[in-house]
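Listed below are the residues making up each chain.
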Amino acid sequence: MASRQAKAPSSVEELLDNCRQLAGLSLADLARKTCSPLPVSPTHAKGWVGQQAEKFLGASAGSKAEPDFPELGIELKTLPLNANGQPQESTYVCHIQLMALNQQTWQQAWVNKKLQQVLWLPYEASKTIEYAKRKLGHAVLWQPSLSQAQQLQQDWEEIMEKLCMGEQQQLSAHHGQFLQVRPKAANAKALTNAYDEQGERCQTLPLGFYLRPGFTREILENSYLG
DNA sequence: TTATGATCATCG
DNA sequence: CGATGATCATAA
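Residues numbered from 1 in each chain as written. Chains lettered and ligands numbered in written order. Predicted model: local features only at pLDDT ≥ 70, side-chain atom pairs only at ≥ 80, totals over all residues. Heavy atoms only, no water.

Draft legend 1. Fine view of the overall build of chain A. Check the secondary structure of chain A and you find 6 helices and 8 strands. Ordered by position in the sequence, the α and β elements of chain A form the string α-α-α-β-β-α-β-β-α-β-β-β-β-α. Taken against the 2.2 N^0.38 rule, which gives 17 Å for 226 residues, the C-alpha radius of gyration of chain A at 18 Å falls within 12% of a compact globule. Burial statistics for chain A: of 226 residues in total, 44% are counted as buried. Charge centroids of chain A, computed over 22 positive and 22 negative side chains, lie 9 Å from each other. (Helix = DSSP H or I, 4+ residues; strand = E, 2+ residues; numbered from the N terminus. Rg over C-alpha atoms; globule rule 2.2 N^0.38 Å. Buried < 20%, exposed > 50% of the residue type's maximum accessible area, 1.4 Å probe, protein only. Lys, Arg positive; Asp, Glu negative; His and termini not counted. Charge placed at Lys NZ, Arg CZ, Asp CG, Glu CD.)

Draft legend 2. Here's a closer look at the protein's contact with DNA strand C. Surveying the vicinity of DNA strand C reveals 15 residues, the closest of which are H44, K46, R182, A185 and A188. Considering the 4 Å shell around the protein, atoms of DNA strand C inside it are sugar or phosphate in 57% of instances. Here a phosphate oxygen of DNA strand C sits 3.0 Å away from a polar atom, N or O, in the main chain of A173. (Near = heavy atom within 4 Å. Polar contact = N/O pair within 3.5 Å; in protein donor to acceptor, adjacent residues only side chain to side chain.)

Draft legend 3. Region of interest: helix α3 (residues 48-57). In terms of burial, α3 is largely enclosed, as 8 of its 10 residues are buried. All of the buried residues in α3 are W48, V49, G50, Q52, A53, K55, F56 and L57. On its buried face, α3 sits against α1 (12-22), α2 (27-33), β1 (75-81) and β3 (118-124). Looking one or two places after α3, you find G58, whose phi comes out positive at around 80°. (Contact = heavy atoms within 4.5 Å.)

Now the structure itself:
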């Protein structure tokens, strides 16, 4: 059995069932499951856990701008936890299309669609644990609460207003309570097309939407209560 | 080049 | 010492 893409789950139950098989496994176990070698240098394999999880669970492959499980409308996100069992880092949501942000509504926004339903897969990411021995946790299927959805929308509107005015130069990660904008590029010299304040085409640093650590921390904590 | 998967590493 | 800005890998 060579390394291959698993079959897509046909139901939420099947997906959650597959997730239960992962709970408690180490990253070394995960590598065995997906027939993939553990990364030699984790620093240079930042997305490895997420990519193996996609592979094992049968998420749609590659870089398509679609939910990981299109049939189910579910987005899969691994969630690295620090030594205290809490999310430490922000979570990337999606790329921002600077050339096509006019007239977008929150309902239509890609970032909103992705956050309608997310399957969070927490795992130990503390550097005090040897990489191969870090364990996967129990997956949490989440949908935003009313207040979460409202705050996300508010953040999005504040950010989009600036973007639509061509003010991406003045935008920074300081904006937004839950949702923030950060660079999303190979490096600081990368450029993509956009419009400036005068509505003229220009080139600027590519951006993406991210969720602040406090937000994912809240999601995880709430899941323990349920 | 644009999208995905993210974490790294420096600064305030 | 947490958040911001920068960076790494891969697919199409």
